[in-house]
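This is what each chain is made of:
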Amino acid sequence: MASLISCPHCGTRPKEEFYIRGDATPVRPGPLADDEAWHDYVHVRANPRGRIHEHWHHTAGCRRWLVVERDNFTHEVFAVTDAAAQKEGAA
Amino acid sequence: MRYSAFSILKQAFAGNLGWKPAWREPQPKPHYDVIIVGGGGHGLATAYYLAKEFGIRNVAVVEKGYLGSGNVGRNTTIVRSNYMLPGNEPFYELSLKLWEGLERELNYNVMFSQRGVINLYHNDGQRDRYVRRGNAMMMEGVAAELLDRETLKKMMPFLNFDHARFPIMGGLLQRRAGTARHDAVAWGFARGADRLGVDLIQNCEVTGIRRENGIVTGVETTKGFIGCNKLALAAAGNSSRVGEMAGLKLPIETHVLQAFVTEGLKPCLDHVVTYGAGHFYISQSDKGGLVFGAELDGYSSYAQRGNLATVEHVMEEGVAMISGLSRVRVLRAWGGVMDMSMDGSPIIDRTPVENLYLNCGWCYGGFKATPASGFCFAHLIAKEESHHVARALRLDRFQRGFPIDELGAGTQPNLH
């Protein structure tokens, strides 16, 4: 795991300031979605080896939710973006 | 070659030149009845019981590295059956019963030592929870004892009983639990399976699963295509990657767990002890080193190495429990990759692909389950139905709303 993370708001910070929530790829289904969609969202994971997107919380910094793109085998970090910014970008 | 006191004596007089390799190194045949992917404890145990109990001997185990190169050689060797939930406890108890006869069964010394596992409690609420778990165990016919502080003080005077924040009030003891020599378990099952005709194919990575009309016909490997009637996956840590080759998406995330061993000490720790205020567990190996570990690092990782922040956390927990640990030097630390399931319990089941069978999701409790996992998986493969103690360990239990969440942590794989 990289020791330093470049927070888009706070600059380069030690990774101990962050809490890692987990996979950022599942998208919460709408309230009327069927059980299958909820099962996929709650339980099923692609779990690839290599580049992944993860939700990180900068708990001891700006307290923003971030999306960190990193390699879960080499631990290289490629990009850190604000989760809200990424959502707007995707929409 | 059967191992015995006589064979040791005989070899000693012959200069120990007559020992044979414990298993063959065969080239893959074009076709097998059953191929097992993963030459770890569970894969090898499955092969052994398939051949021994269910009469299926045309079996291959394919392993990408060497036998036992994954988590069976990287764990903290604890064997116990002190679970609470009905879906788990009978399964782990079957496992413990198999452990108790394993050395005779395999003609191999796995150094199984029933030294007892003690879970410490630090407050009233935790004691009540342990009483409940002990009662749940006894309802399944498994002995459990609640120890009070005075008894525990006599047994283990070196514990930090008067810690300001987490004083030790007592513990839950399972006397039949203990430890085993982890590598020997893999080797014993490998030797046993090999002697029954199972081909153990090492350095042979599965690169694809070939399917025709929705049915698995074999695996593509680095040693070429190998055909099979039934394919069984026991590739914990990498289950998602192997499953994906057959189009499966699993309720699993891969996480790293670290373990540690200290320099060798004289015998000082007679049991396995776990810290109730954290998740620290420790025992002393027969070589004298203290073997210990704690929680996951907490993030997705396929790397067999962990993070220093977790190392620090583990050491702090250890020293909070046994102050004297601070004077002991750590010799080695290592990491293993775990199949973390969404409820903390494993999966032994068929898959939506008709002749594909799945054994995965062991989180970081797979070692103790090795014999029962192999037995129940072999039962499933041979008889096409779950063994009665493994009936709850289904792949679709999440969808149906029947998770087996021992800790009550919810669908957070990094919290189990």
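To keep things clear, this report deals only with the structure shown in the data block. All figures in this text were calculated on a predicted structure; none of them were measured in a lab.

Observations concerning the overall build of chain B
Phase 1 of the analysis: Each helix and strand counted, chain B has eleven helices and 18 strands in total.
Phase 2 of the analysis: Against the 2.2 N^0.38 benchmark of 22 Å for 416 residues, chain B shows a C-alpha radius of gyration of 21 Å, consistent with a compact globule.
Phase 3 of the analysis: C-alpha atoms of chain B, sized along the principal axes, occupy 65 × 65 × 40 Å.
Phase 4 of the analysis: Residue burial in chain B is summarised as follows: out of 416 residues, 58% are buried.
Phase 5 of the analysis: Pairs at least 24 residues apart make up 74% of the contacts formed inside chain B by residues separated by at least 6 positions.
Phase 6 of the analysis: Accessible area of chain B: about 17,200 Å², with a carbon and sulfur share of 52%.
Phase 7 of the analysis: Counting 45 positive and 41 negative side-chain charges, chain B places the centres of these two groups 5 Å from one another.

Focus: the interface of chain B and chain A
Phase 1 of the analysis: Counting residues at the interface gives 23 residues for chain B and 24 residues for chain A.
Phase 2 of the analysis: The contact between chain B and chain A buries some 2,000 Å² in all, and 48% of this surface belongs to carbon and sulfur atoms.
Phase 3 of the analysis: Summed over the three residues of chain B that lose the most area to chain A, namely Tyr299, Tyr302 and Gln399 of chain B, the buried surface amounts to 25% of that side.
Phase 4 of the analysis: In this structure, the connection of chain B to chain A is made through one salt bridge.
Phase 5 of the analysis: Residue Arg45 of chain A is joined to Glu253 of chain B by a salt bridge in which the shortest nitrogen-to-oxygen separation is 3.3 Å.

Thoughts on a negative patch on the surface
Residues and elements named next belong to chain A.
Phase 1 of the analysis: On the surface, a cluster of negative charge is made up of Asp34, Asp35, Glu36 and Asp40.
Phase 2 of the analysis: Summarising the element assignment, Glu36 is placed in helix H1 (residues 35-43).
Phase 3 of the analysis: When its relative accessible area of 42% is taken as the criterion, Glu36 is described as partly exposed.

Here's the deal with the packing of helix H2 (residues 41-53) of chain B against helix H10 (residues 366-383) of chain B
All names here are of chain B.
Phase 1 of the analysis: Contact geometry of H2 with H10 gives a least axis separation of 7 Å together with a crossing angle of 45 degrees. Taken together, the axes of H2 and H10 are oblique relative to one another. Crossing angle aside, the handedness with which H2 passes H10 is right-handed. Here Gly41, His42, Ala45, Thr46, Tyr49, Leu50 and Glu53 of H2 come into contact with H10, specifically with Gly366, Ala369, Thr370, Pro371, Ser373, Gly374, Phe375, Phe377, Ala378, Ile381 and Ala382.
Phase 2 of the analysis: Residue composition of the contact of H2 with H10, by class: ten nonpolar, seven polar and one charged.

Section: the environment of Trp65 of chain A
Residues and elements named next belong to chain A.
Phase 1 of the analysis: Here Trp65 is to be found in strand S5 (residues 65-71).
Phase 2 of the analysis: Spatially, the C-alpha atoms of Trp65 and Phe18 are 9.6 Å apart, while their sequence positions differ by 47 residues.
Phase 3 of the analysis: Setting aside chain neighbours within four positions, we find Trp65 in contact with Arg21, His55, Trp56, His57, Asp82 and Ala83.

A few points about the packing of aromatic side chains
Phase 1 of the analysis: For the coordinates displayed, the defined rule picks out 17 aromatic pairs over all chains.
Phase 2 of the analysis: Considering the side-chain rings of Trp38 of chain A and Tyr41 of chain A, the 5.9 Å spacing of their centres and the 80 degrees angle between planes classify their relative orientation as edge-to-face. Of this pair, Trp38 of chain A and Tyr41 of chain A are both found in helix H1, three residues apart, which corresponds to roughly one turn of the helix.
Phase 3 of the analysis: Accessibility expressed as a relative area gives 24% for Trp38 of chain A, which makes it partly exposed.
Phase 4 of the analysis: Site record: aromatic cluster; members linked through ring pairs are Tyr48, Tyr49, Phe54, Phe189 and Phe375 of chain B.
Phase 5 of the analysis: Against the face of Phe78 of chain A rests Arg51 of chain A, its NZ or CZ located 3.5 Å from the ring centre.
Phase 6 of the analysis: When the ring centre of Tyr3 of chain B is taken as origin, the NZ or CZ atom of Arg191 of chain B, which lies over that ring, is 3.8 Å away.

Some words on the nonpolar core
Residue and element names in this part refer to chain B.
Phase 1 of the analysis: Grouped together as the largest cluster of nonpolar side chains are 59 residues, with contacts concentrated most on Ile36, Tyr49, Phe91, Trp99 and Phe189.
Phase 2 of the analysis: In terms of residue count, the dominant contributor to this core is H10 (nine residues).
Phase 3 of the analysis: The contacts of Phe189, once residues within four sequence positions are left out, are Leu44, Ala45, Tyr48, Tyr49, Leu102, Leu106, Thr370 and Pro371.
Phase 4 of the analysis: Core analysis: the next-biggest nonpolar cluster, separate from the first, contains 29 residues, Ile201, Val219, Leu233 and Val353 among them.

Observations regarding the pairing of strand S6 (residues 77-82) of chain A
Residues and elements named next belong to chain A.
Phase 1 of the analysis: Of the pairings in the sheet, the one linking S5 to S6 comprises five bridges and is antiparallel in character. In the strand pairing of S6, Glu69 is matched with Ala79.
Phase 2 of the analysis: Remark: five residues form the turn of the hairpin made by S5 and S6, two consecutive strands paired antiparallel; His75 in that turn has positive phi of roughly 70 degrees.

Quick notes on the pattern of salt bridges
Residues and elements named next belong to chain B.
Phase 1 of the analysis: One pass over the structure, following the stated rule, counts 25 salt bridges over all chains.
Phase 2 of the analysis: Taking the shortest distance from any N to any O, the salt bridge between Asp183 and Arg181 comes out at 3.0 Å.
Phase 3 of the analysis: Within this structure, Glu93, Lys97, Glu100 and Arg176 form a network of salt bridges that share partners.

Reading the values: the criteria
Residues numbered from 1 in each chain as written. Chains lettered and ligands numbered in written order. Predicted model: local features only at pLDDT ≥ 70, side-chain atom pairs only at ≥ 80, totals over all residues. Heavy atoms only, no water. Helix = DSSP H or I, 4+ residues; strand = E, 2+ residues; numbered from the N terminus. Rg over C-alpha atoms; globule rule 2.2 N^0.38 Å. Buried < 20%, exposed > 50% of the residue type's maximum accessible area, 1.4 Å probe, protein only. Contact = heavy atoms within 4.5 Å. Areas by Shrake-Rupley, 256 points an atom, 1.4 Å probe, with all protein chains shown as cover. Lys, Arg positive; Asp, Glu negative; His and termini not counted. Charge placed at Lys NZ, Arg CZ, Asp CG, Glu CD. Buried area = accessible area lost by both parts, 1.4 Å probe. Salt bridge = Lys/Arg side-chain N within 4 Å of Asp/Glu carboxyl O. Patch = residues over 30% accessible without salt bridge, like charges linked within 9 Å, V, L, I, M, F, W, Y side chains within 5 Å. Axes fitted to C-alpha atoms, helices over the stretch in contact; angles between N-to-C directions. Parallel < 35°, antiparallel > 145°, perpendicular 65-115°, else oblique. Left-handed = near helix turned anticlockwise from the far one by under 90°. Nonpolar A, V, L, I, M, F, W, Y, C, P; charged D, E, K, R; others polar. Phe/Tyr/Trp six-rings, centres within 6.5 Å; stacked < 30°, edge-to-face > 60°. Lys NZ or Arg CZ within 6 Å of the ring centre and 35° of its normal. Core = buried A, V, L, I, M, F, W, Y, C linked by side-chain atoms within 4.5 Å. Pairing = 2+ DSSP bridges.

Geometric descriptors of this kind do not, in isolation, establish any biological role.
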